[in-house]
Amino acid sequence: NEGAETIGEMLKTNCTLTFLKLGWNHIRDQGVQALARGLENNCTLRELSLYRNEIGDDGATALTKVLHLNNTLKNLDLMHNKIGNEGLREIAAVVAVNSTLTELWLYGNAFDNEGAQMMLDALEHNYSLLDVGLFNDDPLQKRINCALQSCKICKTRFQYPQNKVALRERKG
């Protein structure tokens, strides 16, 4: 987490970095909170990958607060962390109003079908996300397919464990 805190401080003043990949670094909630503080006023970072860390609900909540303030981050990779339904609820609330993110990757976390449904509900109000990765079981896959038929998402691709892809263009 000390390294994440140092990077968070750097992000406060850095005006050139556009991509930051911090996967496999054992970053926990405290480290993500420091990164989030650094991102509050950062106007250059477009992609943040926090793949395979130890981020839980508190870290996810810290990132959502930043997504209300930061309008440059386009791609957020939170795959294979420990985000549960509480953290996903916070992410979904931001997704419903955020118009900046175009890619959000969440598979391999600790949320269940209830959490995934919260995200699907939020996606009905979001027109900027182009790619959303959710990883869950077959019953949810069927619910996602049904939701895709009735929602107003511009282009959203859900990837499933079986590598099936559903792509839908915006209607009407």
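Residues numbered from 1 in each chain as written. Predicted model: local features only at pLDDT ≥ 70, side-chain atom pairs only at ≥ 80, totals over all residues. Heavy atoms only, no water.

Quick look at the environment of arginine 89 now. Looking at where arginine 89 falls in the secondary structure, it is placed in helix α4 (residues 85-95). Taking C-alpha positions, arginine 89 is 9.0 Å from alanine 116, a pair spaced 27 residues apart along the chain. Once residues within four sequence positions are removed from consideration, arginine 89 is found in contact with Glu114 and Met118. (Helix = DSSP H or I, 4+ residues; strand = E, 2+ residues; numbered from the N terminus. Contact = heavy atoms within 4.5 Å.)

Turning to α4, a few remarks are in order. Residues Asn85, Gly87, Leu88, Ile91, Ala92, Val94 and Val95 constitute the buried set of α4. Close packing links the buried residues of α4 with α3 (57-69), β4 (103-105) and α5 (113-123). (Buried < 20%, exposed > 50% of the residue type's maximum accessible area, 1.4 Å probe, protein only.)

Attention now moves to the packing of helix α1 (residues 2-13) against helix α2 (residues 29-39). At a minimum axis distance of 7 Å, the contact between α1 and α2 shows a crossing angle of 5 degrees. Considering the angle they form, α1 stands roughly parallel to α2. Every residue of α2 that contacts α1 at Ala4, Glu5, Ile7, Gly8, Leu11 and Lys12 is listed here: Gln30, Gly31, Ala34, Leu35, Arg37, Gly38 and Leu39. Tallied by class, residues from the contact of α1 with α2 come to 6 nonpolar, 4 polar and 3 charged. (Axes fitted to C-alpha atoms, helices over the stretch in contact; angles between N-to-C directions. Parallel < 35°, antiparallel > 145°, perpendicular 65-115°, else oblique. Nonpolar A, V, L, I, M, F, W, Y, C, P; charged D, E, K, R; others polar.)

Another aspect to go through is the side chain of threonine 100. With respect to the helices and strands, the residue threonine 100 is situated in the loop between α4 and β4. Owing to a relative accessible area of 10%, threonine 100 belongs among the buried residues under this scheme. Contact partners of threonine 100, with chain neighbours within four places excluded, come to Asn70, Asn71, Thr72, Leu73, Lys74 and Ser128.

As a further point, take the packing of α4 against α5. Relative to each other, α4 and α5 sit at 5 degrees, their axes nearing to 8 Å. Considering the angle they form, α4 stands roughly parallel to α5. Contacts from Asn85, Leu88, Arg89, Ile91, Ala92 and Val95 of α4 reach α5 at Glu114, Gly115, Ala116, Met118, Met119, Ala122 and Leu123. Class assignment for the residues of the contact of α4 with α5 results in 9 nonpolar, 2 polar and 2 charged.

Once that is clear, we can look at the nonpolar core. Core analysis: the biggest nonpolar cluster contains 40 residues, and Leu48, Leu50, Leu78, Ile91, Leu106 and Met119 have the highest contact counts within it. For this core, the elements supplying multiple residues, two or more each, are α1, α2, α3, α4 and α5. Contacts of leucine 50, omitting those with residues within four sequence positions, involve Leu22, Ile27, Leu35, Ile55, Leu63, Asp77, Leu78, Met79 and Asn81. (Core = buried A, V, L, I, M, F, W, Y, C linked by side-chain atoms within 4.5 Å.)

Of the residues in the chain, 78% reach a pLDDT of 70 or more, and the chain-wide mean stands at 82. For the chain, strand β7 (residues 165-166) is the element with the lowest average pLDDT, namely 36, and strand β2 (residues 47-49) is the one with the highest, namely 98. Note that pLDDT drops below 50 for residues 148-172; the model gives that stretch 66 contacts with residues more than four away or on any other chain. (pLDDT = per-residue confidence, 0-100.)

Turning our attention to the packing of aromatic side chains. A complete count under the given rule lists 2 aromatic pairs for this structure. With a centroid separation of 6.3 Å and 55 degrees between ring planes, the pair formed by tryptophan 24 and tyrosine 51 is classed as tilted. Highlighted residues: tryptophan 24 in the loop between β1 (19-21) and α2 and tyrosine 51 in the loop between β2 and α3, separated in sequence by 27 residues. Taking the centre distance of 6.1 Å and the plane angle of 50 degrees together, the rings of tryptophan 105 and tyrosine 107 count as tilted. A residue is classified by how much of its surface remains accessible, and tryptophan 105, at 11% relative accessible area, is buried. (Phe/Tyr/Trp six-rings, centres within 6.5 Å; stacked < 30°, edge-to-face > 60°.)

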